[in-house]
Amino acid sequence: MIFMGEAVLNYFIYNENIYETKDFEKKYKAINPSVYEVIRIKDGKALFLEEHYERFINSLKLSKSSLEIPISEIKKSINKLTELNKISNYNVKIVFNNLNSNSINKYYFFIKTSYPTNEMYDEGIKTLTYNAIRENPHAKVINQSLRDNVNALLKEKDCYEALYINDKNEITEGSRSNTFFLKGKKVYTAPAKDVLLGVTRQRIIRLCRENGIEVIEMPIKLNEINKFDAVFMSGTSPKVLPIKYIDDIKYDTKYPLLLKIMKIYDDEINNYLKK
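Criteria and cut-off values
- Residues numbered from 1 in each chain as written.
- Predicted model: local features only at pLDDT ≥ 70, side-chain atom pairs only at ≥ 80, totals over all residues.
- Heavy atoms only, no water.
- Helix = DSSP H or I, 4+ residues; strand = E, 2+ residues; numbered from the N terminus.
- Buried < 20%, exposed > 50% of the residue type's maximum accessible area, 1.4 Å probe, protein only.
- Contact = heavy atoms within 4.5 Å.
- Areas by Shrake-Rupley, 256 points an atom, 1.4 Å probe, with all protein chains shown as cover.
- Lys, Arg positive; Asp, Glu negative; His and termini not counted.
- Charge placed at Lys NZ, Arg CZ, Asp CG, Glu CD.
- Core = buried A, V, L, I, M, F, W, Y, C linked by side-chain atoms within 4.5 Å.
- Salt bridge = Lys/Arg side-chain N within 4 Å of Asp/Glu carboxyl O.
- Axes fitted to C-alpha atoms, helices over the stretch in contact; angles between N-to-C directions.
- Parallel < 35°, antiparallel > 145°, perpendicular 65-115°, else oblique.
- Nonpolar A, V, L, I, M, F, W, Y, C, P; charged D, E, K, R; others polar.
- Phe/Tyr/Trp six-rings, centres within 6.5 Å; stacked < 30°, edge-to-face > 60°.
- Lys NZ or Arg CZ within 6 Å of the ring centre and 35° of its normal.
- Expected span 1.5 Å × (residues − 1).

With that out of the way, let us pick up the overall build of the chain. What the chain contains, in helices and strands, is seven helices and 17 strands. Over its C-alpha atoms, taken along the principal directions, the chain stretches across nearly 55 × 40 × 35 Å. The buried share of the chain, taken over its 275 residues, is 51%. Looking at the chain alone, contacts between residues at least 24 apart form 68% of all its contacts between residues at least 6 apart. Roughly 13800 Å² of accessible area belongs to the chain as shown, and the carbon and sulfur atoms make up 48% of that amount. Positive and negative side-chain charges in the chain, numbering 43 and 36 respectively, have mean positions lying 2 Å apart.

Spelled out as structure tokens, the structure:
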């Protein structure tokens, strides 16, 4: 596998032109403002593309960009990239930057991708808490220094994810995920205004309500998380992934409601791919 900078595999697309990945660092220009989206390719299809597209367009608007791009253009570029690299299961990243100019840069490329193991889904993962606040939680903008700091700490502590703590001592979301807490037969998660509106998060909330599971959006106080029975994170790559530890607090990864939500979401993916 070729790996130069952030792009992997053999080819990437820059402003509708095809280049070899070995030239990525020569072509990629990190110019703010910059928005991005990560989409999972599963069985050769862009999973939940419509929701990712809506969030991407919203990120552009929140970054005060007047750019308009149809979903057909994004779909065409993703399909072309998938065919060029001859893959069926991977994560593709879209980056549009230099948004305040007349020469916006548009990049489509595959990124280093790892999905949770069966053992992680079975036994759960370790997470830690980290003091951080997204300046604009609804816009998926690149903050490389924060990403680098979090990655270094995760490696040092041997944890899978970091859960952000805001200035009110509340857990908002993960560094690359959303977080849900379970108590009894109810699901709790941070208010939408405080978090990135993850595509997986939105689907989970809708699916829970359609299946008679109550979802409550409320602030999650750090000093109260020991009262919950189970916790899981959600995201493009992990789907619904049980959390075994938050710092030194242990949770039940076999909690019946958690297992039910995992199955409901997996069924949703299969149904989407069959369309």
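Text resumes after the structure shown.
The next subject is unusual backbone geometry. Between N32 and the following residue, P33, the backbone shows a cis peptide bond with an omega angle of -5°. Along the polypeptide, P33 turns up in the loop between α1 (24-27) and β4 (34-42). In the Ramachandran plot, N15 falls in the positive-phi region, its phi being about 50° despite a non-glycine side chain. Residue placement: N15 occurs in the loop between β2 (7-14) and β3 (17-20). Although it is not a glycine, D43 adopts a positive phi angle of roughly 55°. Residue placement: D43 occurs in the loop between β4 and β5 (45-46).

In this structure, I78, F96, Y108, F110, F181, L182 and I261 are the most contacted members of the largest nonpolar core, which totals 66 residues. For this core, the element with the most residues is helix α7 (residues 256-274), which contributes nine residues. Setting aside chain neighbours within four positions, we find F96 in contact with P33, S34, V35, F56, L60, L67, I69, I104, N105, K106, Y107 and Y108. F24, Y36, V95 and I111 belong to the second largest nonpolar core, which has 11 residues in total.

One pass over the structure, following the stated rule, counts 19 salt bridges. Between K221 and E170 there is a salt bridge whose closest N-O contact spans 3.4 Å. Taken together, the positions of K221 in strand β14 (residues 220-221) and E170 in strand β10 (residues 170-174) put the pair 51 residues apart, joining distant regions of the chain. With relative accessibility at 30%, the residue K221 sits in the partly exposed group. The residue D267 makes a salt bridge to K263 at a minimum N-O spacing of 2.9 Å. Taken as a pair, D267 and K263 lie in helix α7 at a separation of four residues, close to a single helical turn.

Looking now at the packing of helix α6 (residues 199-210) against α7. Between α6 and α7, the shortest axis-to-axis distance is 10 Å and the interhelical angle comes to 110°. Classified by the angle between their axes, α6 and α7 sit roughly perpendicular to one another. Mapping the contact onto sequence places T200, R203, I204, R206, L207 and C208 in α6 and I261, I264, Y265, E268 and Y272 in α7. Residue composition of the contact of α6 with α7, by class: seven nonpolar, one polar and three charged.

Ring pairs (aromatic) are described by centroid distance and by the angle formed between their planes. What the rule picks out here adds up to 18 aromatic pairs. With a centroid separation of 5.1 Å and 85° between ring planes, the pair formed by F12 and F24 is classed as edge-to-face. In this pair, F12 is assigned in strand β2 and F24 in helix α1, connecting sequence segments 12 residues apart. With relative accessibility at 0%, the residue F12 sits in the buried group. Residue classification places F24 among the buried positions, given a relative accessible area of 3%. Measuring from centroid to centroid gives 4.6 Å for Y28 and Y107, while their planes differ by 50°, and the two rings are tilted. Of this pair, Y28 sits in the loop between α1 and β4 while Y107 sits in strand β7 (residues 105-111), and the two are 79 residues apart along the sequence. Following the ring pairs from residue to residue traces out a cluster consisting of F12, Y14, Y19, F24, Y28, Y107 and F109. The ring of Y115 carries the charged tip of R40 above its face, separated from the ring centre by 3.8 Å. The ring of Y160 carries R176 above its face, with NZ or CZ at 5.2 Å from the centroid.

When the terminal C-alpha atoms of helix α2 (residues 49-62) are compared, their 20 Å separation across 14 residues agrees well with the 20 Å that a helix rising 1.5 Å per residue should span. If you check which residues of α2 are buried, you get L49, H52, R55, F56, I57, S59 and L60. Looking at the packing, one finds that the buried side of α2 touches β4, β5, α3 (71-85), β6 (90-97), α6 and α7. Remark: K64 follows α2 within two positions and exhibits a positive phi of approximately 65°.

Take it as geometry only, folks, not as evidence of what the structure does.
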